[in-house]
Amino acid sequence: MGGKRQDEPARGMAVRIIPRRYAPLVVLLAVTWALSLGPGLYDPAEPLTDVAGVWRGLTEVGDSEPYHWNYMVFSAVCHSRPERSFSLGGVQMAVNSRCTGFFSGLLFAGLLLPAVACMIYRKKWVLSTLGVLLALQVLDVAGNVAGLWSNTLWTRFWMGWFLGAALLFSIAEGFARPAGRSHSSAA
Amino acid sequence: MNDSDFRNDDAASGSYWNSALLIGSLFAVISAVISLAAGYYQISQEASGSLFGPVAISGTVVCLISALAGLAAVRNYTREVTRTLSFGQGAVIGLATAAVIVVVSTALTQLWYLIDPNYLENIMESVIANMEAMGVPDEALEGQIDAIMESQTLAGTLKNAVISLGVMGLLNVLTALLGVRLFAEREETL
């Protein structure tokens, strides 16, 4: 990556969120996350009010209808294998555990962004962290496929979670600007 | 802002589709090849009781490939057109790339059904055999078969393509924004 790069901001410089970009982002991430929870969120086979049941369901394979529209929404990006997916309300989630973690991490980072923007704005270490996490994902999948180790629902969830959060933080510059500067209309 | 800025914007905006079409088509072809290869492999295997079998592995690869298309499209744009790119423009490139992937993938799949008319039938038999091996009740099995048949019609395929564009678009927008961060020069705000 050659050429002129934007430098890291001065230490201690305040960073503000751009509301008209940030608000749609959060809404989009929230809707996507809710959809990723699958049909169990709005049409559960078991009551969601049973907290113990919900927690138990996070480790049990639930019912699924692979061609239900909720699963088809994510069909292009996730295989949604039942044995590799959480279930909610007795119904398999729309994505596998890694993707559940990914979308959860995206949403978490999005909600946290206003609080941490000044710490991550244009910081190179955020990109480095993203690169490392992406490499770990590839290694995890490859090792599991090769039979070197077996990952679990929760290990995949947390790996996806950190990757999603790192990705969102890596592009924070698109939703924030240094305080005291106006937002360019061309951007 | 002067006239040259507007002219540059007009020329640049018209070039978005070049990168989106090129990269989107390329990624769609790669994804289709991987998916078809996995499909033929599944057809050749005995029913394992796992609904997706080797398709699941290919699905993971296809997912990663497709999600990175936005980043690749931005990279292509900054190399071929201009290095100056805003996050908003990058998001548009990502979304356009996702749309191209969905359209081209759908077209390639439909085209393959014409090239190998037995492929769809064989995949259906494999999926049904796996469902029976999983012990899916007959009622649920019939419902799933109906859903599968409906999804394989042209209307069903188009419907699924449209609804899958949402998440595919989101992922490619995010990776396109990452591409802007990595490869583009952003205009400094006043």
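Data block above holds the structure.
Residues numbered from 1 in each chain as written. Chains lettered and ligands numbered in written order. Predicted model: local features only at pLDDT ≥ 70, side-chain atom pairs only at ≥ 80, totals over all residues. Heavy atoms only, no water.

### Here we look at the overall build of chain B
Along its length, chain B carries 7 helices and 0 strands. Sequence-ordered secondary structure for chain B, helices as α and strands as β, is α-α-α-α-α-α-α. When each of the 190 residues of chain B is scored for burial, the buried share is 48%. Sequence separation of 24 or more characterises 82% of the internal contacts of chain B that already satisfy a separation of 6 or more. Surface accessibility of chain B: about 9,100 Å² in total, with carbon and sulfur atoms responsible for 64%. (Helix = DSSP H or I, 4+ residues; strand = E, 2+ residues; numbered from the N terminus. Buried < 20%, exposed > 50% of the residue type's maximum accessible area, 1.4 Å probe, protein only. Contact = heavy atoms within 4.5 Å. Areas by Shrake-Rupley, 256 points an atom, 1.4 Å probe, with all protein chains shown as cover.)

### Comments concerning the overall build of chain A
From N to C terminus, chain A includes 6 helices and 4 strands. Ordered by position from the N terminus, the helices and strands of chain A form the series β-α-α-α-β-β-α-α-α-β. A buried classification covers 51% of the 187 residues belonging to chain A.

### Quick word on the packing of aromatic side chains
With the rule as written, the count across this model stands at 14 aromatic pairs over all chains. Pairing Phe86 of chain A with Trp154 of chain A gives two aromatic rings, centres 4.8 Å apart and planes at 50°, and the pair type is tilted. Of this pair, Phe86 of chain A sits in the loop between α3 (69-73) and β2 (87-88) while Trp154 of chain A sits in helix α6 (residues 153-170), and the two are 68 residues apart along the sequence. A relative accessible area of 1% means that Phe86 of chain A is categorised as buried. A ring pair is formed by Phe102 of chain A and Phe103 of chain A, whose centres lie 5.6 Å apart and whose planes are at 75°; its orientation type is edge-to-face. Residues Phe102 of chain A and Phe103 of chain A agree in their burial class; the two are buried. Grouped by ring-pair contacts, the aromatic residues Phe86, Phe108, Trp154, Phe157, Trp158, Trp161 and Phe162 of chain A constitute a single cluster. Cation over ring: Arg75 of chain B sits above Phe183 of chain B, and NZ or CZ is 4.7 Å from the ring centre. (Phe/Tyr/Trp six-rings, centres within 6.5 Å; stacked < 30°, edge-to-face > 60°. Lys NZ or Arg CZ within 6 Å of the ring centre and 35° of its normal.)

### Comments concerning the packing of helix α3 (residues 69-80) of chain B against helix α4 (residues 87-115) of chain B
Helix packing geometry: the angle between the two helix axes and the distance between the axes. Residue and element names in this part refer to chain B. Here α3 crosses α4 at 120°, and the two axes come no closer than 8 Å. Judged by the inter-axis angle, α3 sits oblique to α4. Two packed elements cross with a definite hand, and for α3 against α4 that hand is right-handed. Between α3 and α4, the residues in contact are Ala69, Gly70, Ala73, Val74 and Tyr77 and Gly90, Ile93, Gly94, Thr97 and Ile101, respectively. A class-by-class count of the residues in the contact of α3 with α4 yields 6 nonpolar, 4 polar and no charged. (Axes fitted to C-alpha atoms, helices over the stretch in contact; angles between N-to-C directions. Parallel < 35°, antiparallel > 145°, perpendicular 65-115°, else oblique. Left-handed = near helix turned anticlockwise from the far one by under 90°. Nonpolar A, V, L, I, M, F, W, Y, C, P; charged D, E, K, R; others polar.)

### Concerning the pattern of salt bridges
A side chain with one charge can pair with a side chain of the opposite charge if their charged atoms come near. Per the stated rule, a full pass over the model turns up 4 salt bridges over all chains. The salt bridge partner of Arg98 of chain A is Asp140 of chain A, with a shortest N-O separation of 2.9 Å. Of the two residues, Arg98 of chain A sits in helix α4 (residues 97-120) while Asp140 of chain A sits in helix α5 (residues 124-145), which places them 42 residues apart along the sequence. Like Arg98 of chain A, the residue Asp140 of chain A is buried in the burial classification. Its salt-bridge partner being Arg181 of chain B, residue Glu173 of chain A comes within 3.8 Å of it at the nearest N-O pair. Taken together, the positions of Glu173 of chain A in the loop between α6 and β4 (176-178) and Arg181 of chain B in helix α7 (residues 154-183) put the pair across two chains. Arg181 of chain B matches Glu173 of chain A in its accessibility class, with the two residues each being buried. Shared partners join several salt bridges into a network, and the residues in it are Arg122 and Glu173 of chain A together with Arg181 of chain B. (Salt bridge = Lys/Arg side-chain N within 4 Å of Asp/Glu carboxyl O.)

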